[in-house]
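The residues making up each chain are set out below.
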2 protein chains.
Amino acid sequence: METLADAADHGTDVCSVPPLRHPRPDGQDSYTISEVVAFTGLTAHTLRWYERIGLMPHVDRSHTGQRRYCNADLDWLDLVGKLRLTGMPVADMVRYAEMVRAGDHTYSERYELLEATRRDVLARIAELQDTLAVLNRKIDFYADAGHAPASERPR
Amino acid sequence: METLADAADHGTDVCSVPPLRHPRPDGQDSYTISEVVAFTGLTAHTLRWYERIGLMPHVDRSHTGQRRYCNADLDWLDLVGKLRLTGMPVADMVRYAEMVRAGDHTYSERYELLEATRRDVLARIAELQDTLAVLNRKIDFYADAGHAPASERPR
DNA sequence: CGCTTGCTTGGAGTGCACTCCAACGTTTTA
DNA sequence: TAAAACGTTGGAGTGCACTCCAAGCAAGCG
């Protein structure tokens, strides 16, 4: 059974940065929206929506007005994806994006936001660990042949 | 009538089961909706809604029709709360409740559902661990005085 | 050239999980 | 006993994060 120690070993620090970085090297980094869809797993709708609400910088356009994403856009989407996994509301991510746009004087504010998020993530992990224990207990009962846990309630 | 306290001591994991079980002993377990609100942190609206959609068994009523919850109801709400933390959709929890109501022949189905949930939780924890690493890295950059991480994008 | 496939826009629609409302009955406190 | 607090209902409303739509350019291919 997996405990805190076990889960914690999944490297909270070094070495867990994905080895695959960018599909194309800097300089030739120009992706259509559908390439970004393939790379990020987001839908084109969502990418356009992110841009509309200010969660993406205004993306480069081809001479005919079509979006052309660059490597830095991919990196930003990666971070957004991570923040989304933490359950951070989109509105907060937009605030963060605005701070980045606003410049250097927002460093401490950004730091605060990330720290708060980090605390949330740690709390969330602890919650899940707790839930896991309950789940394991219940599963053991069910596996243990045919009698249900005492706490089953409905009807 | 056996309770979670008993089940908890089968301890697949140490010490993470809350020591406070029921506000009142079995036999005098009769709670108004607002007591349950205080105990669970859910709103009265939500409690009534859970009942409407079949996520709660039909709760006992006083002679004038007001809800009177029992200890087993509290246990069930506790489990629901845990499952909710896993991100399980309410519809799935309703399916689970229906299976419990349906009787013993649903054991294996219930087992499957819990197992699948367990896998989800483990995956989710791994994701969060990964996110934590990214967060830590970014926070280090910010803490490391005034220069932003390379991947900052907006504007 | 025509065909298919891809991209553009603003605005409307969807699904989930609540959340609130009005209008009224019940219980507790002063 | 009167007022305040708490409870009931069905149905409508909210907020979030997408998700889809129609109508119309644009690009690549045989």
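Scoring rules and cut-offs
- Numbering of residues starts from 1 in each chain and follows the order in which that chain's sequence is written.
- For naming, the first written chain is A and the first written ligand is 1, with later ones following in the order written.
- In view of the model being predicted, local features appear only for residues whose pLDDT reaches at least 70, and side-chain atom pairs are presented and counted only at 80 or more, with totals across whole chains, interfaces and linings using the full set of residues.
- Note that the side-chain values use all heavy atoms of the structure and ignore hydrogens as well as water.
- Residue proximity to a molecule or strand is established when one non-hydrogen atom of the residue lies within 4 Å of it.
- Each polar contact in these results corresponds to two N or O atoms within 3.5 Å; when the atoms are within protein, one needs to be able to donate a hydrogen and the other to accept it, and residues that are neighboring in sequence are counted only if both atoms are side-chain atoms.
- The numbering of helices and of strands both runs from the N terminus, where a helix is a DSSP run of H or I of at least 4 residues and a strand a run of E of at least 2.
- Note on ring pairs: Phe, Tyr and Trp rings are taken, using the six-membered ring of Trp, and paired if centres are within 6.5 Å. Classes follow the plane angle, with under 30 degrees stacked, over 60 edge-to-face and the rest tilted.
- Geometry is summarised by axes, namely lines fitted to C-alpha atoms with helices restricted to the contacting stretch, and by angles between N-to-C directions that run from 0 to 180 degrees.
- These descriptions rest on fixed angle ranges, namely under 35 degrees for roughly parallel, over 145 for roughly antiparallel, 65 to 115 for roughly perpendicular, and the rest for oblique.
- Note on convention: near helix rotated counterclockwise from far helix by under a right angle means a left-handed crossing. Clockwise means right-handed.
- Contacts: residue pairs with any heavy atoms within 4.5 Å of one another.
- Lys, Arg, Asp and Glu make up the charged group, whereas Ala, Val, Leu, Ile, Met, Phe, Trp, Tyr, Cys and Pro make up the nonpolar group; the residues left over, Gly among them, are polar.

Asker: Looking at this model, I keep getting lost on the protein's contact with DNA strand D. Mind explaining?
Answerer: Around DNA strand D, the structure places 18 residues, and the nearest of them are His45 and Thr64 of chain A together with Ser34, Arg48 and Arg67 of chain B. Sugar and phosphate atoms form 71% of the subset of DNA strand D atoms that lie within 4 Å of the protein. The side chain of Arg48 of chain B places a nitrogen or oxygen atom 2.6 Å from a phosphate oxygen of DNA strand D. Only α3 (44-52) of chain A together with α2 (33-40) and α3 (44-53) of chain B provide two or more residues apiece to the surface near DNA strand D. The element contributing the most residues to the surface near DNA strand D is α3 of chain A, with 4 residues.

Asker: Whenever I open this one, the packing of aromatic side chains confuses me. Can you help?
Answerer: How two aromatic rings sit relative to each other is set out by the distance from centre to centre and by the angle between their planes. Inspection of the entire model under this criterion finds 6 aromatic pairs over all chains. Taken together, a centroid distance of 5.6 Å and an interplanar angle of 75° make the contact between Tyr142 of chain A and Tyr107 of chain B edge-to-face. A residue pair is termed interchain when its members come from two chains, as with Tyr142 of chain A in helix α6 (residues 107-143) and Tyr107 of chain B in helix α6 (residues 107-143). Ring geometry for Trp49 of chain B against Tyr50 of chain B: centres 5.8 Å apart, planes inclined by 40°, an arrangement best described as tilted.

Asker: For this particular structure, what's the right way to read the packing of helix α5 (residues 90-102) of chain B against α6 of chain B?
Answerer: In a pair of packed helices, the angle between the axes and the distance between the axes together describe the arrangement. Residue and element names in this part refer to chain B. Two numbers describe how α5 lies on α6: the axes approach to 10 Å, and their chain directions differ by 155°. In this view, α5 runs roughly antiparallel relative to α6, as classed from their interaxial angle. Viewed along their axes, α5 and α6 form a crossing whose handedness is left-handed. Across the interface between the two elements, Asp92, Arg95, Tyr96, Met99 and Val100 of α5 pack against Glu109, Arg110, Leu113 and Leu114 of α6. Partitioned by chemical class, the residues of the contact of α5 with α6 number 5 nonpolar, no polar and 4 charged.

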